Amino acid sequence: MQKSDLAVKINVSDNVAVMLGDVPRGTEIFGITAADDIPRGHKMALGNIPEGQDIVKYGYAIGHATEGITAGRHVHTHNLRTNLRGLLEYKYQPEGATPLPKKQGTFRGFVREDGLVGIRNEIWIVNTVGCVNKIAERIAKIANHRWGSRIDGIFTFVHPYGCSQLGDDHTHTQDVLANMVRHPNAGGVLVLGLGCENNNIPEFKQALGSWNDNRVKFLNAQDVDDDVAAGLEIIEQLVQYAEKFTRQEVSIENLVIGLKCGGSDGFSGITANPLVGRLSDDIIAHGGTSILTEVPEMFGAETILMNRCENQEVFDKTVKLINDFKQYFIKHDQEIYENPSPGNKDGGISTLEDKSLGCTQKGGTGHVVDVLDYGETVRKRGLNLLQGPGNDIIAVTNLMAAGAHIVLFTTGRGTPLGAPIPTVKVSSNTQLAQTKSSWIDFNAGTLLEGEEMDDIAARFFSYIIDVASGNAQTKNEINDYREISIFKDGVIL
């Protein structure tokens, strides 16, 4: 990486540099005079780039020039277009992932009766249908006032699903809600239904399978005179059960982290995403697990992940993951590469390759060990890929349902969004961390201000272990920003 006070050239083969601040026309950068006013996070040509030639960033093409671009010009959506096209054929060309040295370490978690480990000891109210959302909110509010201090809190997560859904949508709702019930961050769960919904409690029990009667209890609102009183009676029993669990030292191999980014800028692939990638590698080196989702934001960088698959079987599953999601776009007559979002573009991201090459850095450098369908939970320790869209609320819910204890959420634009689990917001730049300090948990922007990656990675790892051990709360927990949304793609009656 070549860096000055004004700009950074990420890879020696890059033909653009990223501006560290707003650069006025006439400013000299790396011996080249800026020919345009270039906004912070945006790109400047480091030489003459003929029409049709690739624009190179991170050492990879992020698209091609749609016109001749002279040295010093602003390079963005007005003169740069994607190289990506429709469905592709892929060949497994394993490059070998970076060997991760084995490490040992612990955090303080709650060991459940089934052997799973949680990092919080909460009571969750899981609604089988959106019709009971307000009942659940009333129960949670009263219950927190009465008993919340005895555990880590009592929470419900409203949603509009569970009735009138068909096919995969109905199955997705059941899978995600069942995985919530099983999640070890919940010391006790009240499954609250209405009684007449498609996803009624008897049907939901079939999707759930086995459960611990002390930990999971059920209530149909239509079956009782006073639904709130009945719910509170159950919550009190669950609190009595959950408060018996105490934190104990457990191996980091039990920790599962989810990897997510939203509202990126031109620095996300330089600071926050590489930092999260280092954390992912570190957790895996300790025997733990990380989960990378947002399949559309793998488009353009998918071969990097494919060539890190540990074997042909995982490679084939990754190809299916990518092509199935492209078929989803095609089925709905949508442009596969219609990305990035307006906010990403404003922050300096020009094409999907530009976004994806930054995003996939959250997965670190290790082998890809498995690929999960939507609604599945992790089976293998190491780096997993998870089917699902990039939509922020759906993605964080998806990661939680797949078994993540914590979501590491990088952002260059800022968002208050939180999952039911601790959601660590990692800012790509210091300005965001300072202006939205009520949202941001960790600032990766210091990497642009002289801090070495080894030093900030050590601080970040220590912080994540503090979060896992209950020594630190994330901003979404402090603000009580906890939301869910479930992927849907079908007919509603």
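Here, the structure is the one placed above.
Every value quoted in this text rests on a predicted model; they were computed, and no experiment measured them.

Asks: It is not clear to me how the overall build of the protein should be interpreted in this structure. Could you clarify?
Replies: When you go through the protein residue by residue, the secondary structure sums to 13 helices and 24 strands. For the protein, whose C-alpha radius of gyration is 24 Å, the value lies close to the compact-globule estimate of 23 Å for 493 residues. Its C-alpha atoms give the protein principal-axis dimensions of roughly 75 × 45 × 40 Å. Across the 493 residues that make up the protein, the buried fraction comes to 59%. A sequence separation of at least 24 residues applies to 70% of the contacts in the protein between residues at least 6 apart. For the protein, the exposed surface amounts to about 19,400 Å²; the carbon and sulfur share of it is 46%. Here the protein contributes 46 positive and 62 negative side-chain charges, whose respective centroids are spaced 2 Å apart.

Asks: What's the story with the sheet that holds strand 11 (residues 106–111) in this structure? I'm lost.
Replies: The strands making up a sheet associate through hydrogen bonds between their backbones, and the pairing can be parallel or antiparallel. A sheet is described by the order of its strands in space; here 3 strands give the open sequence 12-11-17, paired in antiparallel fashion. Two strands in the sheet have a free side with no partner beyond their single neighbour: strand 12 (117–118) and strand 17 (248–251).

Asks: Would you mind going over unusual backbone geometry with me for this structure?
Replies: Trans is the prevailing form of peptide bonds, just as negative phi is the prevailing case for residues other than glycine. Positioned with a positive phi, F30 is a non-glycine residue whose angle comes to about 50°. Along the chain, F30 turns up in the loop between strand 4 (28–29) and strand 5 (32–33). Of the residues examined, F30 reaches a relative accessible area of 26% and is grouped as partly exposed. The phi dihedral of E294 falls on the positive side, at around 65°, and the residue is not glycine. Along the chain, the position of E294 falls in the loop between strand 19 (289–292) and helix 6 (302–306).

Asks: Would you explain helix 5 (residues 272–285) in this entry?
Replies: The α-helix winds at 3.6 residues per turn, so residues separated by three or four positions along the chain end up facing the same way. Taking 1.5 Å per residue as the helical rise, helix 5 with its 14 residues ought to reach 20 Å, and the 20 Å between its terminal C-alpha atoms agrees with that figure. Counting buried residues in helix 5 gives 13 out of 14 residues, a clear majority hidden from the surface. Trailing helix 5 by a residue or two, G287 shows a phi angle of about 95°, which is positive.

Asks: Would you explain the side chain of T156 in this entry?
Replies: Tracing the chain through its elements places T156 in strand 14 (residues 154–156). Polar contacts involving the side chain of T156 include one to the main-chain carbonyl oxygen of I125, which spans 3.2 Å. Excluding residues that lie within four positions of it along the chain, T156 makes contacts with I125, N127, A136, E137 and A140.

Asks: What exactly am I supposed to notice about the sheet that holds strand 7 (residues 54–57) here?
Replies: Reading across the sheet, the 3 strands line up as 7-8-10 and stay open at both edges, with antiparallel pairing between neighbours. Since the sheet does not close on itself, it has two edges, and those belong to strand 7 and strand 10 (80–81), each with one partner. The sheet contact formed by strand 8 (residues 60–65) and strand 10 spans 2 bridges and is antiparallel. Looking at strand 10, one finds that H64 is bridged to R81.

Asks: For this particular structure, what's the right way to read the environment of L352?
Replies: With respect to the helices and strands, the residue L352 is situated in helix 9 (residues 352–359). C-alpha of L352 to C-alpha of R182: the two residues are 170 residues apart in sequence and 36 Å apart in space.

Asks: I would appreciate a short explanation of the packing of aromatic side chains in the present structure.
Replies: Each aromatic ring pair is described using two quantities: the centre-to-centre distance and the angle formed by the ring planes. As enumerated under the stated definition, the model contains 13 aromatic pairs in all. Consider the rings of W124 and F157, whose centres lie 5.3 Å apart with planes at 80°: the pair is edge-to-face. Residue W124 is found in strand 13 (residues 122–127), and its partner F157 is found in the loop between strand 14 and helix 2 (167–182); the two are separated by 33 residues along the sequence. Given a relative accessible area of 0%, W124 falls into the buried group. By the ring-pair criterion, three or more aromatic residues cluster together here, those being F299, F325, Y328, F329, Y374 and F487.

Asks: Honestly, the environment of Y328 in this entry has me stumped. Any pointers?
Replies: Relative to the assigned elements, Y328 resides in helix 7 (residues 312–331). For Y328, a relative accessible area of 24% corresponds to the partly exposed category. Along the primary structure Y328 and D489 are separated by 161 residues, whereas in three dimensions their C-alpha atoms are 9.1 Å apart. In contact with Y328, not counting residues within four places along its chain, are F487 and D489.

Asks: Just checking my understanding: could you explain the pattern of salt bridges for this structure?
Replies: It is possible for side chains of opposite charge to pair when their charged atoms get near one another. This model, assessed by the stated rule, comprises 25 salt bridges. For the salt bridge of R120 with E477, the shortest nitrogen-to-oxygen distance reads 2.8 Å. On the criterion of sequence distance, the pair formed by R120 in the loop between strand 12 and strand 13 and E477 in helix 13 (residues 475–479) is long-range, its members being 357 residues apart. There is no split in this pair, since R120 and E477 are both buried. R150 is the partner of E243 in a salt bridge, and the nearest nitrogen-oxygen pair spans 2.7 Å. Here E243 is found in the loop between helix 4 (227–242) and strand 17, whereas its partner R150 is found in the loop between helix 1 (133–147) and strand 14, with 93 residues between them in sequence.

Asks: Mind showing me how you'd approach the nonpolar core here?
Replies: Side chains that are nonpolar tend, in soluble globular proteins, to be buried together. Counting residues in hydrophobic clusters, the biggest one holds 54 residues, and the most contacted among them are F107, L255, F299, L408 and F460. Looking at this core element by element, the count peaks at 9 residues for helix 12 (residues 453–468).

Asks: Quick question: what am I supposed to make of helix 4 here?
Replies: Here helix 4 spans 22 Å end to end across 16 residues, near enough to the 22 Å set by a 1.5 Å rise per residue. Turning to helix 4, its buried residues are D227, V228, A230, G231, L232, I234, I235, L238, V239, Y241 and A242. Here the buried face of helix 4 lies against strand 13, helix 1, strand 14, strand 15 (186–193) and strand 16 (216–220). Regarding helix 4, its N-cap is D226, as a side-chain oxygen of that residue lies 3.3 Å from the backbone nitrogen of V228 further along.

Asks: Mind showing me how you'd approach the pairing of strand 23 (residues 423–427) here?
Replies: For a regular strand, side chains alternate in direction, first toward one face of the sheet and then toward the other. The buried fraction of strand 23 is high, at 5 of 5 residues. Of the two faces of strand 23, the one lined by T423, K425 and S427 and the one lined by V424 and V426 are each fully buried. Strand direction decides the pairing type here: strand 22 (residues 406–411) and strand 23, joined by 5 bridges, are parallel. Residue pairing across strands places V407 opposite T423, the latter belonging to strand 23.

Asks: Got a minute to help me understand the packing of helix 1 against helix 4 in this structure?
Replies: For any two helices packed against each other, the geometry comes down to the angle between their axes and how far apart the axes lie. Two elements in contact, helix 1 and helix 4, have axes whose closest approach is 9 Å; the angle formed by their N-to-C orientations is 45°. The orientation of helix 1 relative to helix 4 falls into the category oblique. Considering how the two elements wind past one another, helix 1 and helix 4 form a crossing that is right-handed. Contacts between helix 1 and helix 4 pair I135, R138, I139, I142, A143, R146 and W147 from the former with D227, V228, G231, L232, I235, E236 and V239 from the latter.

Conventions adopted
- Residues numbered from 1 in each chain as written.
- Predicted model: local features only at pLDDT ≥ 70, side-chain atom pairs only at ≥ 80, totals over all residues.
- Heavy atoms only, no water.
- Helix = DSSP H or I, 4+ residues; strand = E, 2+ residues; numbered from the N terminus.
- Rg over C-alpha atoms; globule rule 2.2 N^0.38 Å.
- Buried < 20%, exposed > 50% of the residue type's maximum accessible area, 1.4 Å probe, protein only.
- Contact = heavy atoms within 4.5 Å.
- Areas by Shrake-Rupley, 256 points an atom, 1.4 Å probe, with all protein chains shown as cover.
- Lys, Arg positive; Asp, Glu negative; His and termini not counted.
- Charge placed at Lys NZ, Arg CZ, Asp CG, Glu CD.
- Pairing = 2+ DSSP bridges.
- Expected span 1.5 Å × (residues − 1).
- Polar contact = N/O pair within 3.5 Å; in protein donor to acceptor, adjacent residues only side chain to side chain.
- Phe/Tyr/Trp six-rings, centres within 6.5 Å; stacked < 30°, edge-to-face > 60°.
- Salt bridge = Lys/Arg side-chain N within 4 Å of Asp/Glu carboxyl O.
- Core = buried A, V, L, I, M, F, W, Y, C linked by side-chain atoms within 4.5 Å.
- Axes fitted to C-alpha atoms, helices over the stretch in contact; angles between N-to-C directions.
- Parallel < 35°, antiparallel > 145°, perpendicular 65-115°, else oblique.
- Left-handed = near helix turned anticlockwise from the far one by under 90°.

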